[in-house]
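Letter by letter, the chains look like this.
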Amino acid sequence: PVPPSPEGGTNQTHTQLCLQIEVGTLAPRPKDPKTLPELGETTSGTPNLQPPSGAGPVPPAPIPRQGLPSCLLCLCLGSSVYCDEAELEQIPALPPDTAFLYARFNRIGAVRANDFRGLEKLKRIDLSSNSISWADADAFRGLPSLQELLLPENRLTALPELPRSIVRLDARLNRIPSAGLRPEAFRDLKQLQFLHLSDNQLDFIPVPLPESLRSLHLQNNNIQTMHEDTFCDSQEQGQIRRALEDIRLDGNPINLSLFPNAFSCLPRLPTGRFS
Ligand SMILES: *[C@@H]1O[C@H](CO)[C@@H](O)[C@H](O)[C@H]1NC(C)=O
């Protein structure tokens, strides 16, 4: 969703009054003209690019982003915090009532256990298109309201633990091998409906999959084989898994016609190679 323009009325609450300040305006650049070679300067032959020793300007200290109220770096509207394209290198400190966080297209490299601590109203975290190569295992686990965790286009090699409230997990376009998933990682996630792990390095379809699951995207991984019981219980005649109607296995080196009984309980066949 696109934030409405923050024109606002006269009854704005404190949170709604947060201003968006361009990060660039907070960081004065070390641009002392005396240290830069003049374009027309020819008197000394090759221009001296070194600043004069001892007299050079001291570059400003990096902004202590963690110490700034996040509403100075981001746009806060109600319970939503918009930090897209803000050159962030870490998760900013968030107002305690944050429900929706958008921090897409930044340079965040890691998610730490403390980053979201105590944010009990957080429902959606969108960290698409960052550089996240590490997430502490318990960075998200303790968030009681978290329904959507969006991590596509990062560099993860392991999936953090998920809270039971999770409905949608999107970790497309990462580098996650099957060893990066805990055993039975999704078994107890009884609300999980969308599990999107396409374009990773998975060797297996993760099992067991909760009955709530509606959409499983595993295209473009390295899945070569599967158990007949992955989707349907071969012991249970007449089983129907009506919810699971969108399975993508295309782009994997698996011949699905070798598993003729694996899909009998599904409303439709997976997308993938059957010959
Ligand atoms: C896929 O499996 C089917 C059924 O066993 C077989 O006829 C077909 O040749 C296999 N395709 C490939 C490319 O191995």
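The protein chain is annotated in an unreviewed UniProt entry as Opticin from Serinus canaria. According to its UniProt record, the protein chain has this under Sequence similarities (unreviewed entry): "Belongs to the small leucine-rich proteoglycan (SLRP) family. SLRP class III subfamily." Under the UniProt heading Subcellular location (unreviewed entry), the note attached to the protein chain is "Secreted, Extracellular space, Extracellular matrix".

Student: What is the right way to look at the sheet that holds strand β11 (residues 246-248) in this model?
Tutor: Strands pair in a sheet through their backbones, by hydrogen bonds, and they do so in one of two ways: parallel or antiparallel. The 9 strands are arranged β1-β2-β3-β5-β7-β8-β9-β10-β11 in an open sheet whose pairing can be described as mixed. Each edge of the open sheet is held by one strand with a lone partner, namely β1 (75-77) and β11. Ignoring which end each strand starts from, the neighbouring axes of this sheet average 5° apart. In terms of strand pairing, strand β8 (residues 168-170) meets strand β9 (residues 194-196) through 3 bridges, oriented parallel. Paired with leucine 169 across the strands is leucine 195, a residue of β9.

Student: I keep staring at the site of the ligand and nothing clicks. Help me out?
Tutor: The full set of residues close to the ligand is Asn255, Ser257, Leu258, Arg273 and Ser275. One nitrogen or oxygen atom from the side chain of asparagine 255 is found 2.4 Å from an oxygen atom belonging to the ligand. One of the side-chain N or O atoms of serine 257 is found 3.0 Å from an oxygen atom in the ligand. Protein burial of the ligand: of its 360 Å² of free accessible surface, 37% is covered by the chains. Grouping the amino acids of the shell around the ligand by side-chain chemistry returns 1 nonpolar, 3 polar and 1 charged.

Student: Whenever I open this one, a negative patch on the surface confuses me. Can you help?
Tutor: On the surface, a cluster of negative charge is contributed by Glu211, Asp229, Asp233 and Glu236. Within the fold, aspartate 229 resides in the loop between β10 (215-217) and β11. A residue is classified by how much of its surface remains accessible, and aspartate 229, at 41% relative accessible area, is partly exposed.

Student: Help me out: how do you make sense of unusual backbone geometry in this one?
Tutor: Apart from glycine, the bulk of residues carry a negative phi angle, and the bulk of peptide bonds sit in the trans form. For the peptide bond that leads from valine 207 to proline 208, omega is -10°, which places it in the cis range. Along the chain, proline 208 falls in the loop between β9 and β10. Of note, the phi angle at glutamate 85 is positive, near 50°, even though the residue is not glycine. Even without being glycine, aspartate 199 reaches a positive phi, approximately 55°. With respect to the helices and strands, aspartate 199 occurs in the loop between β9 and β10. Overall, aspartate 199 belongs to the partly exposed group, its relative accessible area being 30%.

Student: What is the right way to look at the side chain of serine 178 in this model?
Tutor: Structurally, the position occupied by serine 178 is in the loop between β8 and β9. Of the polar contacts made by the side chain of serine 178, one reaches the backbone nitrogen of aspartate 203; its length is 2.9 Å. For serine 178, the residues in contact, after removing those within four places along its chain, are Gln201, Leu202, Asp203 and Phe204.

Student: I'm lost on the state of the cysteines in this one. Help?
Tutor: Among covalent bonds in proteins, the disulfide is the one between the sulfur atoms of two cysteines. By the definition in use, this model includes 2 disulfides. With a sulfur-sulfur separation of 2.0 Å, cysteine 74 is cross-linked through a disulfide to cysteine 83. Residues cysteine 74 and cysteine 83 are joined by a disulfide whose S-S torsion is about 100°; by sign, that bridge is right-handed. The pair cysteine 74 / cysteine 83 is uniform in exposure class, with both members buried. Shown here is the disulfide that connects cysteine 232 with cysteine 265, its sulfur atoms set 2.0 Å apart. The disulfide joining cysteine 232 to cysteine 265 has a torsion of about -85° about its S-S bond and is therefore left-handed. Of the two residues, cysteine 232 is situated in the loop between β10 and β11 and cysteine 265 in the segment after β11; the sequence distance between them amounts to 33 residues. When its relative accessible area of 3% is taken as the criterion, cysteine 265 is described as buried.

Student: Explanation requested: the nonpolar core in the structure shown.
Tutor: One broad trend across soluble globular proteins is that nonpolar side chains are buried collectively. Counting 61 residues, the largest nonpolar core has Phe116, Ile125, Phe140, Phe186, Leu216 and Phe231 as the members making the most contacts within it. Once you skip the residues sitting within four places of it in the chain, phenylalanine 231 turns out to touch Ile205, Leu209, Leu216, Met226, Gln239, Arg241, Leu244, Ile247, Ala262, Phe263, Cys265 and Leu266.

Student: What is the right way to look at the side chain of aspartate 115 in this model?
Tutor: Looking at the secondary structure, you find aspartate 115 in the loop between β4 (110-111) and β5 (124-126). Despite its burial, aspartate 115 pairs with no opposite charge; the closest candidate is arginine 112, at 6.3 Å N-O. A polar atom in the side chain of aspartate 115 sits 2.8 Å from the backbone nitrogen of arginine 112.

Student: Sorry, what's going on with empty space enclosed by the protein here?
Tutor: A probe as big as a water molecule, rolled over the atoms, marks out the empty space that is left. This structure, assessed with the given rule, holds 1 cavity of 30 Å³ or more. In this structure, the largest cavity occupies an estimated 30 Å³ of space. As for the largest cavity, its lining consists of Leu159, Pro160, Leu162, Arg182, Ala185 and Phe186. For the lining of the largest cavity, a count of residues per class yields 5 nonpolar, no polar and 1 charged.

Conventions and cut-offs
Residues numbered from 1 in each chain as written. Predicted model: local features only at pLDDT ≥ 70, side-chain atom pairs only at ≥ 80, totals over all residues. Heavy atoms only, no water. UniProt positions renumbered as here; feature names shortened; annotations may be inferred. Pairing = 2+ DSSP bridges. Helix = DSSP H or I, 4+ residues; strand = E, 2+ residues; numbered from the N terminus. Axes fitted to C-alpha atoms, helices over the stretch in contact; angles between N-to-C directions. Near = heavy atom within 4 Å. Polar contact = N/O pair within 3.5 Å; in protein donor to acceptor, adjacent residues only side chain to side chain. Areas by Shrake-Rupley, 256 points an atom, 1.4 Å probe, with all protein chains shown as cover. Nonpolar A, V, L, I, M, F, W, Y, C, P; charged D, E, K, R; others polar. Patch = residues over 30% accessible without salt bridge, like charges linked within 9 Å, V, L, I, M, F, W, Y side chains within 5 Å. Salt bridge = Lys/Arg side-chain N within 4 Å of Asp/Glu carboxyl O. Lys, Arg positive; Asp, Glu negative; His and termini not counted. Charge placed at Lys NZ, Arg CZ, Asp CG, Glu CD. Buried < 20%, exposed > 50% of the residue type's maximum accessible area, 1.4 Å probe, protein only. Contact = heavy atoms within 4.5 Å. Disulfide = S-S within 2.5 Å. Core = buried A, V, L, I, M, F, W, Y, C linked by side-chain atoms within 4.5 Å. 1 Å grid on protein atoms, 1.4 Å probe; cavity = no way out; pocket = protein on both sides within 12 Å on 5 of 7 lines; lining within 4 Å. Points joined across faces, edges and corners; volume = space filled by probe spheres on them.

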